[in-house]
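One letter stands for each residue in the lines below.
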Amino acid sequence: DGGITQSPKYLFRKEGQNVTLSCEQNLNHDAMYWYRQDPGQGLRLIYYSQIVNDFQKGDIAEGYSVSREKKESFPLTVTSAQKNPTAFYLCASSTWTGGDQPQHFGDGTRLSIL
Amino acid sequence: EDQVTQSPEALRLQEGESSSLNCSYTVSGLRGLFWYRQDPGKGPEFLFTLYSAGEEKEKERLKATLTKKESFLHITAPKPEDSATYLCAVHPNAGGTSYGKLTFGQGTILTVHP
């Protein structure tokens, strides 16, 4: 079945450590996205990519980095510069027609601080 | 700045008690309005896309409608399995770097009691 796979489901970060969240899709979608979800808040966009080897900052990109070397993969690194990384991280993908197509989501990675 | 406000924050219904969820939005032109369902610990599941005022979409017990300022998600004769958080998101009809950037509301937590 086509879909979006995020791993791991749970992740723990130590102080000063960088961690990488994986996102893989087999929907043949051009565009991929990373969101952060905090309790009682809407999803906030971290980074997005419309095409391989290109990506743009979202609303809360500070302390995060991404790469898009393959169409299927869009990993997110949470760096030590992100001082409040505890959250639920969601990856999404969509066909790219200017934003009028729905984004489809993976089942998330929950990141906590040790 | 694009804004999306969902109300109520939480809604408790008895099984079979119909009701509506509201999504009010302020956006510089609307390219699309999206409804999602999110179960605890899971990623959002796409339900509907609405593109223009007057449009309606239906799926089982759910019907989404759209006006120029708000959208409603009507739930007819709900069942306990309809319990979830319902999210609304908008995409502005603006070009350039706005493409792909959804603005989400904070969600409505729906609980349906048997």
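Residues numbered from 1 in each chain as written. Chains lettered and ligands numbered in written order. Predicted model: local features only at pLDDT ≥ 70, side-chain atom pairs only at ≥ 80, totals over all residues. Heavy atoms only, no water.

## Details of the sheet that holds strand β3 (residues 19-26) of chain B
All names here are of chain B. With respect to topology, 5 strands assemble into an open sheet ordered β1-β3-β8-β7-β6, the strand pairing being antiparallel. Looking at the sheet topology across the chains shown, the edges are occupied by β1 (3-7) and β6 (56-59). Between one strand axis and the next, the sheet turns through 15 degrees on average, direction left out of account. For β1 and β3, the ladder comprises 5 bridges, and the chain directions are antiparallel. Looking at the pairing, glutamine 3 lines up with threonine 26 of β3. (Pairing = 2+ DSSP bridges. Helix = DSSP H or I, 4+ residues; strand = E, 2+ residues; numbered from the N terminus. Axes fitted to C-alpha atoms, helices over the stretch in contact; angles between N-to-C directions.)

## Some thoughts on the packing of aromatic side chains
Applying the stated criterion across every chain, the model contains 10 aromatic pairs over all chains. Ring centres of A:Tyr35 and A:Phe105 lie 5.6 Å apart, and the angle between their planes is 45 degrees; this geometry places the pair in the tilted category. On the criterion of sequence distance, the pair formed by A:Tyr35 in strand β4 (residues 31-37) and A:Phe105 in strand β10 (residues 104-105) is long-range, its members being 70 residues apart. You can call A:Tyr35 buried: its relative accessible area is 0%. Relative to A:Phe55, the ring of A:Tyr47 has its centre 5.9 Å away and its plane inclined at 80 degrees; by these criteria the two rings are edge-to-face. Assessed through its relative accessible area of 35%, A:Phe55 is described here as partly exposed. A network of ring pairs unites the aromatic residues A:Tyr33, A:Tyr35, A:Tyr48, A:Phe105, B:Tyr36, B:Phe46 and B:Phe104 as a single cluster. Looking at A:Arg68, its charged tip hangs above the ring of A:Phe74, at a distance of 6.0 Å from the centre. (Phe/Tyr/Trp six-rings, centres within 6.5 Å; stacked < 30°, edge-to-face > 60°. Buried < 20%, exposed > 50% of the residue type's maximum accessible area, 1.4 Å probe, protein only. Lys NZ or Arg CZ within 6 Å of the ring centre and 35° of its normal.)

## Description of the interface of chain B and chain A
Across the contact, 21 residues belong to chain B and 26 residues belong to chain A. When the two sides are added together, the surface that chain B and chain A hide from each other amounts to roughly 1,900 Å², 54% of it contributed by carbon and sulfur. If you look at where chain B meets chain A, you find 2 salt bridges. Linking B:Lys42 and A:Asp107 is a salt bridge whose minimum nitrogen-to-oxygen distance equals 3.9 Å. (Contact = heavy atoms within 4.5 Å. Buried area = accessible area lost by both parts, 1.4 Å probe. Salt bridge = Lys/Arg side-chain N within 4 Å of Asp/Glu carboxyl O.)

## Observations concerning the pairing of strand β5 (residues 44-51) of chain A
Residues and elements named next belong to chain A. Two strands pair when backbone bridges link them, and β4 and β5 are joined in this way by 5 bridges, in the antiparallel orientation. By the bridge assignment, tryptophan 34 is partnered in β5 with tyrosine 47. Between β4 and the antiparallel strand that follows it, β5, lie 6 residues; glycine 40 among them carries a positive phi value of about 75 degrees.

## Observations concerning unusual backbone geometry
Look at the link from A:Ser7 to A:Pro8: it is a cis peptide, with omega at -10 degrees. Inspection of the secondary structure puts A:Pro8 in the loop between β1 (4-7) and β2 (10-13). Here the amide bond leading from B:Ser7 into B:Pro8 is cis, since omega sits at -10 degrees, within 30 degrees of zero. Here B:Pro8 lies in the loop between β1 and β2 (10-14).

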